[in-house]
Amino acid sequence: MKLENLRSLIRESIKDYISEIDEAAEIAANEARINKTLEAIEARKAKLTRVEENEELKEMVDGAKIKEIQNEIKELEKAEKKFRTLAEKRAAKKAKKSAPKEEDEVVTDAVTEEAPIDETDIMAEMDLTDEPTEEAINESFLKMQKLAGLIK
């Protein structure tokens, strides 16, 4: 039974890790969308300013083409605003998720004592020190995997 509990903990841990990776990828993709959109807006604005500054070009360029570039800029600005809104929603959701709930906080004046260690607890068997290092974490993770039967 303990072994199955450990296996389920490892599965949950891996699922959490994968969801963190997915979330980080979504954030990076959204930032890339915003940056590329801003670059496209700047490129089109630069074209318009070059045409407006040069009288010879202004005479040669079709007015419909200028209108088309202005419409493209408007569309890109809408898309950029949409991407920023998405990023803000994701950040607000993450902040809400990580913020402690006021109901959960309990303040007491009582002195707390350390709880007795359950000898059957697998986590208690792992020698965790006050200063966890990368090596200790890796060793404990490998030990959990071995106990779960995932590796030999």
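Quick summary incoming for the structure in this document. Position numbers for residues count from 1 along each chain, tracking the sequence in the order it is written. Local features in a predicted model are, by the rule used here, given only for residues with pLDDT of at least 70; side-chain atom pairs are given and counted only at 80 or more, and totals for whole chains, interfaces and linings are based on all residues. The basis for the side-chain values is all heavy atoms of the structure; hydrogens and waters are excluded.

## So, the overall build of the protein chain
The condition is simple: Per the convention used, a helix needs a DSSP run of H or I reaching at least four residues, while a strand needs a run of E reaching at least two, with both numbered from the N terminus. The contact criterion used throughout is that any non-hydrogen atoms of two residues lie within 4.5 Å. Using a 1.4 Å probe, the Shrake-Rupley method yields the accessible areas, and only the shown protein chains count as cover for residues.
Within the protein chain one finds 5 helices and 0 strands. Ordered by position from the N terminus, the helices and strands of the protein chain form the series α-α-α-α-α. Taking the intrachain contacts of the protein chain between residues at least 6 apart in sequence as the baseline, contacts between residues at least 24 apart amount to 65%. Summed over its atoms, the accessible surface of the protein chain is roughly 13200 Å², and 53% of this surface lies on carbon and sulfur atoms.

## As for the environment of Arg44
With respect to the element layout, Arg44 can be found in helix H1 (residues 2-53). The spacing of Arg44 and Ile66 is 22 residues in sequence and 9.9 Å in space, taken between C-alpha atoms. The contact partners of Arg44, leaving out residues within four places of it in the chain, are Ile69, Glu72, Ile73 and Leu76.

## Considering the pattern of salt bridges
Pairing between side chains of opposite charge can happen when the charged atoms of each approach one another. Just so we agree on the cut-off: A side-chain nitrogen of Lys or Arg and a carboxyl oxygen of Asp or Glu constitute a salt bridge if their distance falls within 4 Å. Buried means the residue's accessible area, taken with a 1.4 Å probe over protein chains only, is under 20% of the maximum for its type, while exposed means over 50%, and partly exposed covers the values in between.
Taken as a whole and assessed by the stated rule, the structure comprises 7 salt bridges. Its salt-bridge partner being Lys45, residue Glu77 comes within 3.6 Å of it at the nearest N-O pair. Placement of Glu77 in helix H3 (residues 63-98) and of Lys45 in helix H1 is noted, with a sequence separation of 32 residues between them. Taking relative accessible area as the criterion, Glu77 reaches 32% and is therefore assigned partly exposed. Note on Lys45: relative accessible area 35%, which makes it partly exposed.

## Some thoughts on H3
The test is simple: A helix is expected to span 1.5 Å for every residue after the first.
End to end, H3 covers 53 Å across 36 residues, agreeing with the expected 52 Å (1.5 Å per residue, within 8%). Buried residues of H3: Ile69, Ile73, Glu80 and Phe83, and no others. At its buried positions, H3 is contacted by H1.

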